[in-house]
Amino acid sequence: MLFGGEKMSISILEACRKRKRRPKIYGFHTFADSGCPISPAGPFRDNVRMFLRECAQLEDYNLDGMPIWCTLLVHETLSFVVPLYTIEEDVRSSNQRSCDQCRSTGWSKHFLSKRKYHVIIPIDGDWNRPLEVGVFDLHTHLLHGLIHSNGFGHLLCISGIEGGSKYLSGREIMDLWDRICTNLRVRKITVEDVSKKKSMDLRLLHGVAYGHPWFGRWGYKFSRGSFGVTEQNYNRAIEILSSLELDTIVRDFSGTDQCREIKQIFRCYRDMSETQLITLRDILRFMLTVKSCASIRKKSVMATAATPPYTSKPSPRMALRKKSLMKDKSTKCRRFSTVIATMDSRWSRKRLESAAEVIVNALKENNAKNIGHGGMSRQDVRDAARMHIGDTGLLDYVLKAMHNVIVESHIVHRSVNPTTRLLEYTIQELNKGVEVNESEQEVLEEPLPSGPLEHGTDVYREIAYLYVNVLLNYPAESGLVSLASQAVLDSKHFVKDWPFRDEAEQLLTYVCQVMPSFLDVEAKLTWKLAPGELVMVPLHATLLELKRRAEFALQDTYCIMENLVITEVENMEEMEDEEVLFGVIESGSEVWFRGTGIDPESELRFEGGDDSWLVKCECGAEDDDGERMVACDICEVWQHTRCHGIEDSEIVPPLFVCQGCCTSLAPLRTESTLKFESIEDHLLLPPAMEFGAELTFMEHYIDQ
């Protein structure tokens, strides 16, 4: 009998032998453990190069000039091979130089790194196919991480069994990603947690059950909240929700239609538990444990019956043959409504479809002007659509999904212009020559629980029942629970920090930061300086050697410092270049340099781009948090649409004036303002109360 793993390994060896290459295959669950296969001790910019040199093989094709490396990982239990791709993107030649994730996570003013490293595991069905242009825009990857060359990065996508994989769980993939980050000594990684399960936001469900989001198992903590939510607000909200006593919940629901069902759920799982269940956290954690045990039993049964996949690296000849066969087939398209149904978006379905219609209208206008010839670049489409939609995040999200999709009676295509090497969008009328993939039915979210429940048999259905009724629709008059739930839902950005490790005994390590000279850009840098770079020198290195190594490290990492010349070190002005550092400055210290050669007018300065957005919303937000915003047409200050009562499904009005400008132009009290003030008077709330203070008041209000 020939097992799948053996057959797969033979195929890989044969493919690599034809290419005169010896494959490197590592264990999926041990790869990137300490010392397996490497133990890099330097900064990330050096460690990632060692990783690619020692643990990956360069592919014989590239993505629009970007080199691709592949690392083969074999699953030790089921004996299938998973391709782990690493793609190096040169920011200076990239079509997308700025980083949207840095902008929304508070790193807008980090200096623009020269390189981005994309770590990708495609969806199962694409393991035997070469990567194609547009791979960065796909939302179907099992793993997609992006790390800037300075060691700061973002986890963009992770999907396991729930996301469509037949073989890998989200926890296995997340373990691998965490080991890679630890091994390569990244500095900080962020994640925007918008994950859901059966219509439930996991950041709320797991926050109440465990005190942290699902990513918290790997050390990810609160980074920043949207709509002015602070870490203190977030922690207080988690505390309020998790400490709700079950008996109190039953009492507060008395007289409602849900009371009987909630009491039966509580009684069922209290009887099942060997320990006493008192709070909402207790019962949710127990229910999730029961569900987890049931899932493990189910997977063990499936594993004995399932045949592991036979995967191997495709030979170039086979890849070309597959491509030629694909060209012979008619183009398959999907309706945009089907595409967005499988996407986990913070925008409503109606809002996404509305944005798609605006983009299609822009393409139709371009066709009319150019008599049906020529496409529009991504930037041109985006600019045209911004005339009608101010939310650039929404536009970027929709543009990523628009490839061979049908919107109304038109098909939108996306391809790379061979001359300009830019992504272009084209449009055509829907006709009989195009095959519509109707077999892929729309994947809608599972409906909310309704009707009588058979308690103890469908745990997730009962969890969803408590989620919807207790966390989202609590009946208490004060609204404290709803307020706390909204604060948790508005906290999407989490971060993991890998602390600095000064372990090398024969090396001195310093965190090097540039203080721009007064003749350069110091007057222009009024914001907080970006984090410094790690630089290592021998134990008996001189001051001059530190200057040169720091100079090289900064030149190698940041675009704006490509011509940097370090002139002096702060607090060491009296020290000669030939003097030894040992005993003068302790290893691990922060060292500040002054230098010249920084171009203040460079377009390649910051990760957030050159746009100077002034954000000041009534919720307290003073920076872009990734949520939908609109700019006042008078003061040009950006504010959240939600904070001004504009729903996500609504189009932003063509003329928007904020409350402050309205007051300065016509300081008359409107009827709506009077109504709002009367509500505040009733609750005895001050006119402008921050979230934390409001929670404290409302908690006191309930006790009364």
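These numbers come from a predicted model, not from an experiment.

*Asks:* How do you make sense of a negative patch on the surface when you look at a structure like this?
*Replies:* A surface patch of like charges, here negative, comprises Glu574, Glu576, Glu578 and Glu579. Within the secondary structure layout, Glu579 lies in the loop between strand E21 (565-569) and strand E22 (590-596). The class for Glu579 is partly exposed, based on a relative accessible area of 36%.

*Asks:* Honestly, the confidence of the model for the protein chain in this entry has me stumped. Any pointers?
*Replies:* Where the model shows low pLDDT, its predicted coordinates should not be examined in detail. The predicted model of the protein chain averages 80 in pLDDT, with 78% of residues at 70 or higher. A low-confidence stretch, residues 438-449 stays under pLDDT 50, and its non-local contacts, those more than four residues away or across chains, total 21 contacts. Residue range residues 518-526 is modelled with pLDDT below 50. Its contacts to residues more than four positions away, or to other chains, number 15 contacts.

*Asks:* Can you help me understand the environment of Ser199 in this one?
*Replies:* Along the polypeptide, Ser199 turns up in the loop between strand E9 (196-197) and strand E10 (200-201). As for Ser199 and Tyr467, which are separated by 268 residues in sequence, their C-alpha atoms are 9.7 Å apart.

*Asks:* I tried to follow the packing of helix H5 (residues 202-210) against helix H6 (residues 231-242) on my own but got confused; where do I start?
*Replies:* A pair of packed helices is captured by two measures, namely the crossing angle of their axes and the spacing between those axes. The contact between H5 and H6 brings their axes to 8 Å, and the two run at 70°. In terms of axis orientation, H5 runs roughly perpendicular to H6. Pair H5 / H6 crosses with right-handed handedness. Across the interface between the two elements, Leu204, Gly207 and Val208 of H5 pack against Ile238, Leu241 and Ser242 of H6. Taken together, the residues that form the contact of H5 with H6 break down as four nonpolar, two polar and no charged.

*Asks:* How do you make sense of the packing of aromatic side chains when you look at a structure like this?
*Replies:* Any aromatic ring pair is given by two values, namely how distant the centres are and how the planes are angled relative to each other. Within this structure, the stated rule accounts for 16 aromatic pairs. These aromatic residues form a ring-pair network of at least three members: Trp214, Phe215, Trp218 and Tyr220. Here the guanidinium or amino end of Lys109 rests over the ring plane of Phe606, the centre of that ring lying 4.8 Å away. For the cation-ring pair, Arg642 lies above Phe227, with the distance from its terminal atom to the ring centre recorded as 3.6 Å.

*Asks:* What exactly am I supposed to notice about helix H15 (residues 459-471) here?
*Replies:* Over its 13 residues, H15 extends 17 Å from the first C-alpha to the last, a length consistent with the 18 Å expected when each residue adds 1.5 Å. Of all 13 residues in H15, twelve are buried, a share of seventy percent or more. Looking at H15, one finds that the buried residues are Val459, Tyr460, Glu462, Ile463, Ala464, Tyr465, Leu466, Tyr467, Val468, Asn469, Val470 and Leu471.

*Asks:* Would you take a moment to explain the side chain of Lys116 for this structure?
*Replies:* For Lys116, the location among the structural elements is in strand E5 (residues 115-121). It is Glu89 that comes nearest to the buried, bridge-free Lys116 among opposite-charge side chains, at 4.4 Å. For Lys116, the side chain forms a polar contact with the main-chain oxygen of Gln96, separated by 3.1 Å. For Lys116, the contacting residues outside a window of four places in its chain are Ile87, Glu88, Glu89, Val91, Gln96, Arg97, Ser98, Leu146, Ile147 and His148.

*Asks:* Looking at this model, I keep getting lost on the nonpolar core. Mind explaining?
*Replies:* One recurring pattern in soluble globular proteins is that nonpolar side chains are buried together. Core analysis: the biggest nonpolar cluster contains 91 residues, and Phe31, Trp177, Tyr220 and Ile249 have the highest contact counts within it. Excluding its chain neighbours within four sequence positions, the residues that come into contact with Tyr220 are Met174, Trp177, Ile189, Val191, Phe215, Phe494, Val495, Lys496 and Trp498.

Thresholds applied
Residue numbers restart at each chain and count upward from 1, following the sequence in its written direction. Residue-level local features of this predicted model are given only where pLDDT is at least 70; pairs of side-chain atoms are given and counted only at 80 or more, and the full residue set underlies all totals for whole chains, interfaces and linings. Hydrogens and water molecules were not included; the side-chain quantities draw on all heavy atoms of the structure. Exposure above 30% relative accessible area and the absence of a salt bridge qualify a residue for a patch, where like charges join within 9 Å and nonpolar side chains (Val, Leu, Ile, Met, Phe, Trp, Tyr) within 5 Å. Areas reported here follow the Shrake-Rupley algorithm with a probe of radius 1.4 Å; residue values treat only the protein chains shown as occluding. In the sections that follow, a salt bridge refers to a side-chain nitrogen of Lys or Arg positioned within 4 Å of a carboxyl oxygen of Asp or Glu. Charge counting follows a simple rule: Lys and Arg are positive, Asp and Glu are negative, and His as well as the terminal groups are ignored. Where a charge sits is defined by one atom per residue type, namely NZ (Lys), CZ (Arg), CG (Asp) or CD (Glu). Secondary structure counts use DSSP, requiring at least four H or I residues in a row for a helix and at least two E residues in a row for a strand, with both numbered from the N terminus. Buried, partly exposed and exposed residues are distinguished by accessible area as a fraction of the type maximum, computed with a 1.4 Å probe on protein chains only: under 20%, between the cut-offs, and over 50%, respectively. Per-residue confidence from the predictor is reported as pLDDT, which spans 0 to 100. Contacts: residue pairs with any heavy atoms within 4.5 Å of one another. Under this scheme, a helix contributes an axis fitted over its contacting stretch, all axes are lines through C-alpha atoms, and angles between N-to-C directions fall in the 0 to 180 degree range. If an angle is under 35 degrees, it is roughly parallel; if it is over 145, roughly antiparallel; if it lies from 65 to 115, roughly perpendicular; otherwise it is oblique. When the near helix sits turned anticlockwise from the far one by under a right angle, the crossing is termed left-handed; a clockwise turn instead gives a right-handed crossing. Any residue that is not Ala, Val, Leu, Ile, Met, Phe, Trp, Tyr, Cys, Pro, Asp, Glu, Lys or Arg is counted as polar, Gly included; the first ten are nonpolar and the last four charged. For Phe, Tyr and Trp, rings pair up if their centres lie within 6.5 Å, where Trp contributes its six-membered ring, and each pair is then called stacked (planes under 30 degrees apart), edge-to-face (over 60) or tilted (otherwise). Any Lys NZ or Arg CZ found within 6 Å of a ring centre and within 35 degrees of that ring's normal is scored as a charge over the ring. Expected span, for any helix, means 1.5 Å times one less than how many residues it has. N or O atoms closer than or at 3.5 Å make up a polar contact, with two conditions inside protein: a donor-capable atom paired with an acceptor-capable one, and, for residues adjacent in sequence, both atoms drawn from side chains. To define a nonpolar core, start from buried Ala, Val, Leu, Ile, Met, Phe, Trp, Tyr and Cys residues and group those joined through side-chain atoms within 4.5 Å.

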